[in-house]
Amino acid sequence: MTDLRNFMEPSQIRIIPAGATKQDALDLLIEALCRNPVITDRDAFSKAVYERESVQSTGIGGGVAVPHVRIAEVTSPTIALGIAPDGVDFSALDNRPVQIIVLFATPKDAEKTYLSMLAKAMVTLRNRETFAALASCRTPEEVMALL
């Protein structure tokens, strides 16, 4: 995910505490991204994330969730990264807890950019050693050192 560092500030990494719910995890990541000025309307962004999640869980299995939105209230692509060492019930497709959550926020017309970012994240997270190392991180600094 080294290439993804171009789309993420260190302040956009959150360690999800034990016992957190899916909503808790999403709220932490939304809050982290809304501090970035590329998100111009917090309410619209939050609403879009939850509306997308209500269509179908973005927990894709293998311990990974990729919530995502493409809306006009995002002026430049950015991501937040959530690490949940103890796992979060994300209603994932494989019914297993999620340990890594990558929240993608992209402008409405940035489908190619989103797909490129998603592909880079998935290639990285499909490497089980990298996944395990990230999932065991307990601080944002540890995550940044791995990336």
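For the structure, see preceding data.
It should be emphasised that the depicted structure is a prediction, and the values quoted were computed from it without experimental measurement. (Residues numbered from 1 in each chain as written. Predicted model: local features only at pLDDT ≥ 70, side-chain atom pairs only at ≥ 80, totals over all residues. Heavy atoms only, no water.)

## Points about helix α1 (residues 22-34)
Going by this rule: The helix count covers DSSP runs of H or I at least four residues long, the strand count covers runs of E at least two residues long, and both are numbered beginning at the N terminus. Here, expected helix span is obtained from the residue count minus one, scaled by 1.5 Å. Only protein chains enter the area calculation, which uses a 1.4 Å probe; residues under 20% of their type maximum are buried, those over 50% are exposed, and those in between are partly exposed. It only takes one pair of heavy atoms within 4.5 Å for two residues to be counted as in contact.
For α1, with 13 residues, the first-to-last C-alpha span of 18 Å sits near the 18 Å given by 1.5 Å per residue. Within α1 the residues assigned to the buried category are K22, A25, L26, L29, I30, A32, L33 and C34. Looking at the buried positions of α1, the neighbouring elements they touch are β1 (13-15), α2 (42-55), β5 (78-88) and β6 (98-106).

## Some words on the environment of R96
Mapping R96 onto the fold places it in the loop between β5 and β6. Judged by relative accessible area, which is 55%, R96 ranks as exposed. Residues R96 and P77, spaced 19 residues apart in sequence, show a C-alpha to C-alpha distance of 29 Å.

## Digging into the pairing of β5
Spelled out, the test is: Whether two strands pair comes down to DSSP finding at least two bridges between them.
Burial analysis of β5 places ten of its eleven residues in the buried class, the great majority of the element. Note: β1 against β5, three bridges, orientation parallel. Looking at β5, one finds that I15 is bridged to I83.

## Section: the pattern of salt bridges
Formally: By convention in these notes, a salt bridge is any Lys or Arg side-chain nitrogen within 4 Å of a carboxyl oxygen on Asp or Glu.
In total, this model carries five salt bridges according to the counting rule given. A salt bridge links R14 to E31, with the nearest nitrogen and oxygen atoms 3.0 Å apart. Separated by 17 residues along the polypeptide, R14 in strand β1 and E31 in helix α1 bring together distant segments of the chain. With its nearest N and O atoms 2.9 Å apart, the salt bridge here joins K22 to E53. Placement of the pair is K22 in helix α1 and E53 in helix α2, with a sequence separation of 31 residues. For the pair K22 and E53, a shared accessibility class is recorded, and that class is buried. Three or more residues joined by partner-sharing salt bridges are found here, namely R14, E31 and R35.

## Considerations on the nonpolar core
Our working definition: Side-chain atoms within 4.5 Å link the members of a nonpolar core, which is a set of buried Ala, Val, Leu, Ile, Met, Phe, Trp, Tyr and Cys residues.
Grouped together as the largest cluster of nonpolar side chains are 26 residues, with contacts concentrated most on L33, I39, F45, V49, F90, I101 and L103. Going through the elements one at a time, α1, α2, β5 and β6 are the ones with two or more residues in this core. In this structure, I101 is in contact with A25, L29, A65, P67, A80, L81, G82 and F90, ignoring residues within four places of it in sequence.

## Quick notes on the side chain of T58
Position of T58 among the secondary structure elements: in the loop between α2 and β2 (59-61). In contact with T58, not counting residues within four places along its chain, are R52, E53, V64, A65, V66, P67, H68 and F90.

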